[in-house]
Amino acid sequence: MSINVGIIGTGRIADMQLAPAMQQVAGARLWSILSRDNKRAADFAARHGAKAPVNAHTSLAAFLADPSLEAVIIATPDALHAAQAIAAARAGKHVLLEKPMATTLADAIAIADTCTEERVKLAIAYHLRWHDGHQRIAEMLHAGTLGQPRYARALWTWKADDNSNWRAHPELGRWWGLAGVGTHCIDLLRWMLMPQCGEVTGCSSVIDTSLYGGPHDETASVSLQFDHGTVADLTTSVVFSAPSRFELYCDDAAVICENTLGPTGAGSILVNNAPLEFEIKNPYVGEIQNFIDSIEGKARVAVPAAEGIRNVELLLDASPSE
Ligand SMILES: NC(=O)c1ccc[n+]([C@@H]2O[C@H](COP(=O)([O-])OP(=O)(O)OC[C@H]3O[C@@H](n4cnc5c(N)ncnc54)[C@H](OP(=O)(O)O)[C@@H]3O)[C@@H](O)[C@H]2O)c1
C-alpha cells in the first residue's frame, strides 16, 4: 500500500524536485495537486502522473476533503504556509512543509501545535540533511572522529535577475536570501554542531539591502555562537553567485565542502586534504522517504517542528525588522 500524497503549489521546487523525487520514494504515490489555476494544476498532475480520479484542484477545501488523500507537501510562498498547514492538519493530513516553516514565530508554533493536536506527522523540508556526503561528515563528527568542532562557516548565494520574486516583498515573504538558502545553512550548522557544541545561544548579523532598497536582506552575514563556545558564520546573498562552500574546523580535522549546498547531492568534500568518497543521491528522495516512513511508523521524523521553530526564531534574530 502506498501513501497518497498531494502537493500544494506548482512552482519551481514542486515541479523540478519534489514531484520527480516522489517517483523514487518507496510507499509514496503522487495523488493530487492544488494550484491557483486549474490548467496549471491539471498540467502538473498529468506531467507527474498524479493518480487521484480528480487530481487537479483550485480550492483548498475541496483538495483536503478527499478522504483518500493522506498527506500533503506544501511548496508555496513562506507566508502562506501557516494557513495551509493548519488546514491540512485539521483535515487529518500529514504535512511535509517547505522551509522556512513560517514568517512569524507565532505561525510556526501554531502549525506545530495543530499537528500535535490532530496527531498528524509534521516534517520540515531541510533536504541538505540527506546529502550523502553531509551524512558521512555528521556520522564522523558525532562519533568524535574529527575532534571537537571549533569553527564552521557556510557560503551560499545566487544572483537574482531583479527583485520581482515574492521573497523580496513582505506580502508573501519575510526574508530574501536568508529564506531562500540561509535557513538551510542555519539548519545544517545546528544539525552538525549541536551534539558537541550545544544550542545556539547568540546571534548577530550584518544585513545589506542597498542594491534594490527593499525591506528584505540582499546580502546577509550571520554569526552564531553555540553554547560551548564554538562560533559559526553563514553568508547568503542574492546579488552575486559563487561556488557554495561549507567549512568545518575541528581539533583533529578540517572539512571543506565545495558545491554540496544545492539541490543535486553532488559537489566535492575534502577531509584533511583527502577526498571524501560519497554517493551522489537525490536528497529530496531521502527527505520524502523519511516523511513516508514516519507516517508508516518505520522512522522518526528527522527534522521535526522544534527544529523548524528554532530556525524561524534565529532568522528573526538575524533580521529583526522589516
Ligand atoms: N528545500 C528546497 O530545496 C527549496 C528550494 C526552493 C524553494 N523551497 C521552498 O518552497 C516554497 C516554494 O518556493 P519556490 O521556489 O518553489 O517558489 P515558486 O517557484 O514561486 O512557487 C511557489 C508556488 O506557490 C503557489 N502559490 C500560491 N499562492 C501564491 C501566490 N500568492 N504567489 C505566488 N505563488 C503562489 C504557486 O503555484 P500555483 O501558481 O500553482 O498556485 C507557485 O508556483 C518556499 O517555501 C521555498 O522556501 C525549498
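Residues numbered from 1 in each chain as written. Predicted model: local features only at pLDDT ≥ 70, side-chain atom pairs only at ≥ 80, totals over all residues. Heavy atoms only, no water.

## Considering the sheet that holds strand S8 (residues 200-208)
For step 1, the next point in the chain: The strand order S8-S9-S10-S7-S11-S12-S13-S14 describes an open sheet built from eight strands, whose pairing is mixed. The sheet is open, and its two borders are formed by S8 and strand S14 (274-275), each paired with just one other strand.
For step 2, the next point in the chain: Across four bridges, strand S12 (residues 254-258) lies against strand S13 (residues 268-271) in antiparallel orientation. The residue bridging glutamate 258 from the neighbouring strand is serine 268, located in S13.
For step 3, the next point in the chain: Strand contacts of helix H7 (residues 177-197): strand S7 (149-157), S8, strand S9 (219-226), strand S10 (231-237) and strand S11 (245-250), with the helix running at about 165° to S10, the strand carrying the most contacts.
For step 4, the next point in the chain: Here helix H9 (residues 305-318) sits on the sheet and contacts S8 and S9; the angle it forms with S8, its principal contact strand, is near 50°. (Pairing = 2+ DSSP bridges. Helix = DSSP H or I, 4+ residues; strand = E, 2+ residues; numbered from the N terminus. Contact = heavy atoms within 4.5 Å. Axes fitted to C-alpha atoms, helices over the stretch in contact; angles between N-to-C directions.)

## Describing the environment of alanine 160
For step 1, the next point in the chain: Looking at the secondary structure, you find alanine 160 in the loop between S7 and H7.
For step 2, the next point in the chain: We classify alanine 160 as buried; its relative accessible area is 11%.
For step 3, the next point in the chain: Between the alpha carbons of alanine 160 and leucine 34 there is a distance of 27 Å; along the sequence they are 126 residues apart.
For step 4, the next point in the chain: Each residue touching alanine 160, except ones within four places of it in the same chain, is listed here: Trp176, Tyr212 and Val238. (Buried < 20%, exposed > 50% of the residue type's maximum accessible area, 1.4 Å probe, protein only.)

## A few points about the site of the ligand
For step 1, the next point in the chain: In the neighbourhood of the ligand, 23 residues make up the surrounding shell, with Thr10, Ser35, Asp78, Lys99 and Tyr284 lying closest.
For step 2, the next point in the chain: Here arginine 12 contributes a backbone N or O atom positioned 2.9 Å from an oxygen atom of the ligand.
For step 3, the next point in the chain: Compared with its free state, where it exposes 880 Å², the ligand has 85% of that area covered by protein.
For step 4, the next point in the chain: Of all the cavities here, the one that holds the ligand is the largest pocket.
For step 5, the next point in the chain: Split into classes, the residues belonging to the shell around the ligand amount to eight nonpolar, eight polar and seven charged.
For step 6, the next point in the chain: For the shell around the ligand, the two domains that each supply at least three residues are domain 1 (3-127) and domain 2 (132-279 + 304-318). (Near = heavy atom within 4 Å. Polar contact = N/O pair within 3.5 Å; in protein donor to acceptor, adjacent residues only side chain to side chain. Areas by Shrake-Rupley, 256 points an atom, 1.4 Å probe, with all protein chains shown as cover. 1 Å grid on protein atoms, 1.4 Å probe; cavity = no way out; pocket = protein on both sides within 12 Å on 5 of 7 lines; lining within 4 Å. Sits in = over half its atoms within 2 Å of the grid points. Nonpolar A, V, L, I, M, F, W, Y, C, P; charged D, E, K, R; others polar. Domains from an automatic or database assignment.)

Keep in mind that these numbers describe shape and distance, not what the molecule does.
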